[in-house]
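Structural overview for review
Residues per chain are reported as follows:
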Amino acid sequence: MVIIAFSANLMDKLNAIIKKELEAGANISIINLIDHLVSHASDIHASDIHIDPTEKNLRIRFRIDGVLEDMHPLPKDIHSEIISRIKVLSGLRTDEHHAAQDGRFRSIISDLGSVDVRVSIVPTYHGENVVLRLLSDNAEHFTLETLGFSEEDRNKILRAIKKTSGMILVTGPTGSGKTTTLYTLIKMLNSKEISIVTIEDPIEYAVENVEQIQVNARTGLTFANGLRSILRQDPNIIMVGEIRDTDTAGIAVNAALTGHLLLTTLHTNDVGATLPRLLDMKIEPFLVSSTVAIVIGQRLVRKVCEKCKTEKTLNEEEYVRLLENISEKTFGENRKFWEGKGCNSCNGTGYKSRLVINEVLVADEEIRVAILRKASASEIKQIAIKNGMTTMLQDGLRKAAAGQTSIAEVLRVTHE
């Protein structure tokens, strides 16, 4: 994998290319312009390109390490040509301007190989808005360790995925890396002796020797219907991209109960709220208690830039202010942390790349009993903490003390 440092020079280079294309006037090459946007987004490891029409121009933004950065705006008069080019690349209808459309295309980038681009186009007040999601092959290189899971939590997860049945749930908001964690687990489980089938919306990464099914609501292929069909395909392991409704939840739980290892995601704020959420989806407590093996809650935080990070010792005022958000017991005695000063390598942000902060709840006997009596989310979380679970905040503070991220970044994602 080729790694190219994200720097102010690269951003200046992209802006210079855009300006050069614009100077061509009527001879502007929309093909080159789109190619440059995708190429440079890939260079700087941006996950998304936003092309937002405003009243006067096209606002171009790259999402880098979870944060949107403004690029040079484009003139509004080439908006329709940009939309048409992206639709042609994605095989979408060029004559449809009043309905949302989704597609994807593959872009070949010199020195970097190919990158898959997922396309979402929606009509807005000022015209069609486009978001391009860049899907690199990075997921193939991830391990639980490189994602940021501690040795203790890795061991909990490894014990869970060695089981032949049960549910492994990954929770968190949109953009917290849940899908990447699932793909990492699938890669670890993938072998010629077992059958793995997934149902996803959308399929983000192609995995060799894994049968992947794309949800298609127009043909009636929903998560629930697809999951019913998968059960007739004799799988050992099933991955469901997301549990969104009661029907899917019921089928997933029954699949896990009847001898399948099922991996899926659920939108909850923390691991404690996950099990009551399944009860809210009309799943019987004894079924939740019998099937859930482990719940992984996670967020993505930006890593402190290695080129410009410096040690920071909290003074008394800063320490007291932090205790307004964090209990003294959770924070501990350490006052030495790290921060990035900003340099060319990180474009002055002080951060470069991201890692996971997480909490892993193991459904032990005490947790199962709590589920059966429909305990609250806070009670379930307290039981897990008593039995040795490291909370997401504690995990983040440990990583901040180790110089991997900053306290400000941990608080940003854990105190929403």
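Because the structure is predicted, anything quoted here is derived from the model rather than measured.

Reading the values: rules and limits
Residues numbered from 1 in each chain as written. Predicted model: local features only at pLDDT ≥ 70, side-chain atom pairs only at ≥ 80, totals over all residues. Heavy atoms only, no water. Helix = DSSP H or I, 4+ residues; strand = E, 2+ residues; numbered from the N terminus. Buried < 20%, exposed > 50% of the residue type's maximum accessible area, 1.4 Å probe, protein only. Contact = heavy atoms within 4.5 Å. Lys, Arg positive; Asp, Glu negative; His and termini not counted. Charge placed at Lys NZ, Arg CZ, Asp CG, Glu CD. Polar contact = N/O pair within 3.5 Å; in protein donor to acceptor, adjacent residues only side chain to side chain. Pairing = 2+ DSSP bridges. Axes fitted to C-alpha atoms, helices over the stretch in contact; angles between N-to-C directions. UniProt positions renumbered as here; feature names shortened; annotations may be inferred. Parallel < 35°, antiparallel > 145°, perpendicular 65-115°, else oblique. Nonpolar A, V, L, I, M, F, W, Y, C, P; charged D, E, K, R; others polar. Domains from an automatic or database assignment. Buried area = accessible area lost by both parts, 1.4 Å probe. Salt bridge = Lys/Arg side-chain N within 4 Å of Asp/Glu carboxyl O.

With respect to the overall build of the chain
Within the chain, the regular secondary structure consists of 16 helices and 16 strands. For the chain, the spread of C-alpha atoms along the three principal axes comes to 70 × 60 × 40 Å. In the chain, which comprises 416 residues, the proportion classed as buried is 49%. Contacts in the chain between residues far apart in sequence, at least 24 positions, make up 64% of those at least 6 positions apart. When the 50 positive and 55 negative side-chain charges of the chain are each reduced to one mean point, those points stand 2 Å apart.

A short note on the environment of Glu242
With respect to the helices, strands and loops of the structure, Glu242 is situated in the loop between strand E11 (237-240) and helix H8 (246-257). Among the residues examined, Glu242 registers a relative accessible area of 18% and is labelled buried. A distance of 3.2 Å separates a polar atom in the side chain of Glu242 from a polar atom in the side chain of Arg244.

Details of the sheet that holds strand E16 (residues 351-362)
Judged by pairing direction, the sheet is mixed, and its 7 strands sit side by side in the order E10-E9-E11-E12-E8-E13-E16 without closing on themselves. Two strands close off the open sheet at either side, each with one partner strand: strand E10 (211-214) and E16. Direction aside, the axes of adjacent strands within the sheet are offset by 20 degrees on average. Against the sheet, helix H5 (residues 151-161) touches strand E8 (166-171), strand E12 (261-266), strand E13 (292-304) and E16, its axis set at about 60 degrees to E16. Packed on one face of the sheet, helix H15 (residues 392-401) meets E13 and E16 and runs near 140 degrees to E16.

Remarks on the UniProt feature "domain: AAA+ ATPase" (unreviewed entry) in the chain
The feature "domain: AAA+ ATPase" (unreviewed entry), as annotated in UniProt, sits at residues 164-285 in this numbering. Across residues 164-285, the secondary structure splits into 35% helix and 20% strand, with the terminal C-alpha atoms separated by 21 Å.

Here's the deal with the packing of helix H2 (residues 30-43) against helix H3 (residues 79-90)
Where H2 meets H3, the axes come as close as 10 Å, and the angle between the chain directions of the two elements is 70 degrees. Classed by the angle they form, the pair H2 and H3 counts as roughly perpendicular. Counting all contacts with H2, which are made through Ile30, Ile31, Leu33 and Ile34, the residues of H3 involved are Glu81, Ile82, Arg85, Ile86 and Leu89. When its residues are assigned to classes, the contact of H2 with H3 shows 7 nonpolar, no polar and 2 charged.

Details of the domain arrangement of the chain
Taken domain by domain, the chain comprises domain 1 (10-136) and domain 2 (139-415). Computed from C-alpha atoms alone, the centre-to-centre distance between domain 1 and domain 2 is 31 Å. At the junction of the two partners, domain 1 supplies 10 residues and domain 2 supplies 11 residues. Buried surface at the junction of domain 1 and domain 2, both sides included, amounts to about 850 Å², of which 44% is carbon and sulfur. For the interface between domain 1 and domain 2, the tally reads 1 salt bridge. Residue Arg118 pairs with Glu204 through a salt bridge whose shortest N-O separation is 3.0 Å. Taken together, the connections running from domain 1 to domain 2 amount to 3 residue pairs in polar contact (both at pLDDT 80 or more).

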